[in-house]
Amino acid sequence: MIEIRFHGRGGQGAVIASELLAQAAFLEGKYPQSFPFFGVERRGAPVTAYTRIDDAPIQIRTSITDPDIVVVLDAQLMRTISVTAGLKPDGLLLVNSEKAPDALASSFKGRVATIDATSIALAHGLGSKATPIVNTAVLGALARASGIVTLDSVRKAVGRFVPAKQQANVMAAEDAYQHVVSLAVVP
Amino acid sequence: MTQLVISGNYAQSYAAKLARVHVVSAYPITPQTAIVEKIAEFVASGALPAEYIKVESEHSAMQACISASALGARTYTATSSQGLLLMHELLHWAAGARTPVVMGVVNRAVAPPWSIWTDHGDTMSQRDTGWIQFYGESNQEVLDTTLMAFRLAEHPEVRLPAMVTEDAFYLSHTVEPVDIPGQDQVDAFLPPRERSSTLEVGKAMRLGSFTGPEHYMEFRHKIAKAMVRTRDVFLEIEDDYARITGRNHGGLLPTYKTDDADTVLVTMGTATTTARGVVDAMRADGHKVGLAKLRTFRPFPVQELRDLATRVDRIGVLDRSFTFGAAGAAFTEVAGALYAAPHHPQLRGFVAGLGGRDITAAMVREALLDLLTRDGPESSWVELKSRTEAS
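Numbering of residues starts from 1 in every chain and runs along the sequence as written. Note on labels: chains are lettered from A, ligands numbered from 1, in written order. In view of the model being predicted, local features appear only for residues whose pLDDT reaches at least 70, and side-chain atom pairs are presented and counted only at 80 or more, with totals across whole chains, interfaces and linings using the full set of residues. Only heavy atoms go into the side-chain values, all of them from the structure, while hydrogens and water stay out.

Participant: Any chance you could break down the overall build of chain B for me, citing the residues and the numbers?
Facilitator: Strands are runs of DSSP state E lasting at least two residues, helices are runs of H or I lasting at least four, and both sets are numbered from the N terminus onward. Helix and strand content of chain B: 14 helices and 15 strands. For chain B, whose C-alpha radius of gyration is 21 Å, the value lies close to the compact-globule estimate of 21 Å for 391 residues. Projected onto its principal axes, the C-alpha positions of chain B cover 70 × 50 × 45 Å. In chain B, which comprises 391 residues, the share counted as buried stands at 59%. Long-range pairs, those at least 24 residues apart, make up 81% of the contacts in chain B with a sequence separation of at least 6. When the accessible area of chain B is evaluated, it comes to approximately 15,800 Å², of which 54% is carbon and sulfur surface. Think of it this way: Lys and Arg go in the positive column, Asp and Glu in the negative one, and His and the chain ends go nowhere. In this description, the location of a charge corresponds to atom NZ of lysine, CZ of arginine, CG of aspartate or CD of glutamate. Side chains of chain B give 38 positive and 46 negative charges; the mean places of these two sets differ by 3 Å. Note that the radius of gyration is over C-alpha atoms, with the globule rule given as 2.2 Å times the number of residues to the power 0.38. Between buried and exposed lies partly exposed: a residue is buried under 20% and exposed over 50% of the maximum accessible area for its type, with that area taken using a 1.4 Å probe on protein chains only. Residue contacts are counted whenever heavy atoms from the two residues lie within 4.5 Å of one another. We get accessible surface area from the Shrake-Rupley algorithm with a probe of 1.4 Å; when it comes to residues, only the shown protein chains can shield them.

Now the structure itself:
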């Protein structure tokens with residue numbers, strides 16, 4: 001079983017990202033489970049969302065405390081929230097940041113990857129400069145950096161299930177897939 | 001049949017649509033709002049030709065459902081926590097008037113302090129209203145049970161309202177694969193409601209009128225008898241559902257690995273899934289443990305529990321609510337059911353997961369080990385924080 005935890009702010013689409021990942025995994029014949037944990041339901045408030053993916057029906061219904069992968073939709077959250085809490089040492093930390101992964105190496109000793117999802121989202125007209133909707137770009141980057149789902153499944157899931165601007169969202173995911181930078185762990 | 005990855009909320013909405021409900025009246029409340037939003041979409045698009053009655057409160061929503069149901073309509077509503085509490089008076093009315101309203105409830109802790117997260121305090125405090133109560137473990141079970149609930153509630157020997165509950169967030173907002181039966185399958189299983197004992201133009205009838213001491217007890221006794229009858233009727237209905245869809249969720253008290261178990265944990269709702277994983281892991285270590293899930297709380301599966309008690313030495317009850325001044329509601333009921341039985345396993349109560357706290361695999365394992373190895377207190381609260389931890 002693979003466990004993924006998303007950290008974002010209300011309005012960025014972290015919950016939808018976790019659900020789209022579940023849809024993409026389902027398209028590949030896997031058993032997914034995804035759910036959000038809301039703090040306060042308002043725009044800008046920190047939001048956590050979880051996705052589990054397995055080859056068999058999932059026998060657990062709790063939040064995820066020891067994830068294999070952590071995805072951060074807003075790097076500013078890392079100042080106030082311990083996003084890497086419980087992240088497995090051989091896991092992956094993917095952050096929406098314009099910085100190179102080695103700039104974030106102090107946050108996590110395992111694999112770190114970064115994607116400038118904000119620029120990609122804005123280039124495709126997704127959200128506004130104040131609140132870019134980065135979820136589909138982040139999902140494209142996640143597919144590449146983790147290999148847990150294929151880009152093709154992400155394309156299909158995004159095309160079918162995002163409520164608006166399907167084409168722009170698919171293109172944002174494709175762009176991010178091409179541009180994600182992953183820092184290999186030096187053994 | 002199609003398979004979709006949907007939330008527990010949408011599982012309720014799809015069930016109401018497949019049941020071809022005539023009247024829906026609801027007032028939105030977190031976290032059930034998505035149930036009635038989706039139904040409103042179905043109605044607006046014409047996919048569900050139903051009357052959607054907008055109201056100003058949950059109290060009115062239930063009143064609208066009771067009135068429509070009394071006229072023979074198949075009716076549905078949904079609510080959660082404080083909304084359910086506001087309905088309380090009308091819940092008694094629905095049962096007393098024998099209107100087979102079906103309601104989805106997203107189990108959520110009761111305020112204050114305010115919470116949007118799950119526990120069973122809201123529906124447990126409605127257990128004496130005369131409603132049939134189902135507690136769901138998965139989105140599939142929620143959808144299937146809602147369809148069965150319509151047929152059960154409307155059965156001429158039952159005619160009682162039914163609520164199908166799901167844990168907030170752990171089901172309501174969790175997306176997972178769900179088989180959606182075809183409309184033809186549902187139509188074969190759930191024909192239109194029969195018009196019997198319903199109000200009709202040109203037919204003199206009275207509903208809910210004044211009743212003196214000479215008859216009131218008999219009215220109550222009819223409800224009591226109907227609730228007893230519910231057990232067998234439901235088992236027949238579930239067999240029929242299984243014939244059509246291939247799915248049977250195991251009656252009122254589905255058990256897991258209890259045949260040779262010494263120790264069994266009784267669970268409700270989504271804690272069951274996690275507990276099943278723990279049972280598998282502990283079995284691998286040689287512990288003879290098992291599970292029994294209270295799928296219905298009303299009617300309470302007394303017969304099933306007494307059967308279970310003949311096979312096991314120790315029973316633990318995991319409650320996601322608490323009855324102040326007494327114990328966990330499920331614990332009290334299990335104890336009551338077993339008192340008159342010939343076999344008395346050791347009984348322990350565990351209160352856990354209130355206000356949406358995770359019921360973790362480690363917690364369940366600890367409770368089962370505690371049951372297996374120690375003679376602990378009759379009832380305990382699991383992993384309660386000390387004052388310093390909580391601050």
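Participant: Please set out the packing of aromatic side chains residue by residue, giving values where relevant.
Facilitator: Residues and elements named next belong to chain B. Think of it this way: a Phe, Tyr or Trp ring, Trp meaning its six-membered ring, pairs with another when their centres are within 6.5 Å, and the plane angle makes it stacked under 30 degrees, edge-to-face over 60, tilted otherwise. Tallied over the full model, the rule gives eleven aromatic pairs over all chains. Where Tyr14 meets Phe42, the ring centres are 5.4 Å apart and the plane angle is 70 degrees; that geometry is what we call edge-to-face. One end of the pair, Tyr14, is in helix α1 (residues 8-18); the other, Phe42, is in helix α2 (residues 33-45), with 28 residues separating them in the sequence. Taking relative accessible area as the criterion, Tyr14 reaches 18% and is therefore assigned buried. Residue Phe42 is classed as buried on the basis of its relative accessible area, which comes to 9%. One Lys or Arg, Lys17, reaches over the ring of Phe42 and ends 5.3 Å from the middle of that ring. Here, over-ring charges are defined by two tests on the NZ atom of lysine or the CZ atom of arginine: distance to the ring centre within 6 Å, and angle to the ring normal within 35 degrees.

Participant: So, helix α1 (residues 14-27) of chain A: which residues are in play, and what are the values?
Facilitator: Residue and element names in this part refer to chain A. Counted at 1.5 Å a residue, the expected span for α1 with its 14 residues is 20 Å, and the 20 Å between its end C-alpha atoms agrees. The buried count for α1 comes to eleven of 14 residues, which makes it a mostly enclosed element. Where α1 is concerned, the buried positions are Ala14, Val15, Ala17, Ser18, Leu20, Leu21, Ala22, Gln23, Ala24, Ala25 and Phe26. Of the residues trailing α1, Gly29 is marked for its positive phi of about 85 degrees. Each residue after the first adds 1.5 Å to the expected span of a helix.

Participant: Let's hear about helix α7 (residues 139-154) of chain B: which residues, and what values?
Facilitator: A rise of 1.5 Å per residue sets the reference length of α7(B), with its 16 residues, at 22 Å; its end C-alpha atoms lie 23 Å apart and thus fit the reference within 8%. Counting buried residues along α7(B), 15 of its 16 residues qualify, which places the element largely inside the surrounding structure.

Participant: Which residues make up the packing of α1(B) against α2(B), and what values do they have?
Facilitator: Residue and element names in this part refer to chain B. The interhelical angle for the contact between α1 and α2, taken along N-to-C directions, is 40 degrees, at an axis separation of 8 Å. One way to sum up the angle between α1 and α2 is to call them oblique. In terms of crossing hand, the pair formed by α1 and α2 is right-handed. Residues Asn9, Tyr10, Gln12, Ser13, Tyr14, Ala16 and Lys17 of α1 lie in contact with α2, whose contacting residues are Ala34, Ile35, Lys38, Ile39 and Phe42. In the scheme used here, Gly and all other residues not listed as nonpolar or charged are polar, with Ala, Val, Leu, Ile, Met, Phe, Trp, Tyr, Cys and Pro taken as nonpolar and Asp, Glu, Lys and Arg as charged. A per-class count over the contact of α1 with α2 returns seven nonpolar, three polar and two charged. To get an axis, a line is fitted to the C-alpha atoms, and for a helix only the part in contact is used. The angle between two axes follows their N-to-C directions and goes from 0 to 180 degrees. Oblique is the label for any angle not under 35 degrees, not over 145, and not in the 65 to 115 range, which are roughly parallel, roughly antiparallel and roughly perpendicular in turn. Working rule for handedness: look at the near helix, and if it is turned counterclockwise from the far one by less than a right angle, call the crossing left-handed; if clockwise, right-handed.

Participant: I'd like to hear about the nonpolar core, residue by residue, with values.
Facilitator: The set of buried Ala, Val, Leu, Ile, Met, Phe, Trp, Tyr and Cys residues whose side-chain atoms join them within 4.5 Å is what this entry labels a nonpolar core. B:Val21, B:Tyr76, B:Ile132, B:Leu143, B:Leu147 and B:Leu152 are the most contacted members of the largest nonpolar core, which has 54 residues in total. Of the residues forming this core, the biggest block, eight residues, is contributed by α7(B). Residue contacts for B:Leu152: discarding those within four places in its chain leaves B:Ile132, B:Phe134, B:Val158, B:Thr230, B:Val233, B:Phe234 and B:Ile237. Grouped together as the second largest cluster of nonpolar side chains are 41 residues, A:Leu94, A:Val134, A:Leu142 and A:Ala172 included.

Participant: How would you summarise the domain arrangement of chain B if you had to cite specific residues and measurements?
Facilitator: Residues and elements named next belong to chain B. By domain assignment, chain B separates into domain 1 (2-245) and domain 2 (255-390). With centres defined by C-alpha atoms, the gap from domain 1 to domain 2 works out at 28 Å. Listed as interface residues are 28 residues of domain 1 and, on the opposing side, 27 residues of domain 2. With both sides pooled, the region where domain 1 packs onto domain 2 buries about 2,300 Å², and carbon together with sulfur makes up 49% of that total. Definition used for salt bridges: Asp or Glu carboxyl oxygen within 4 Å of a side-chain nitrogen of Lys or Arg. Between domain 1 and domain 2 we count nine salt bridges in total. The residue Asp128 makes a salt bridge to Arg298 at a minimum N-O spacing of 3.7 Å. Segmentation into domains, and thus their bounds, comes from an automatic or database assignment. Accessible-area loss on putting two parts together, using a 1.4 Å probe and summing over both, is the definition of buried area adopted here.

Participant: A description of the side chain of B:Asp167 should follow, citing residues and the corresponding values.
Facilitator: Residue and element names in this part refer to chain B. Position of Asp167 relative to the elements: it lies in strand β7 (residues 162-167). Residue Asp167 is classed as buried on the basis of its relative accessible area, which comes to 1%. Here a polar contact is taken to be a pair of N or O atoms separated by no more than 3.5 Å, where protein atoms must pair a possible hydrogen donor with a possible acceptor and residues adjacent in sequence count only if both atoms sit in side chains. For Asp167, the side chain forms a polar contact with the side chain of His120, separated by 2.8 Å. Apart from residues no more than four positions distant in its own chain, Asp167 is found in contact with Val106, Asn107, Thr118, His120, Ser172, Gly269, Thr270, Ala271 and Arg320.

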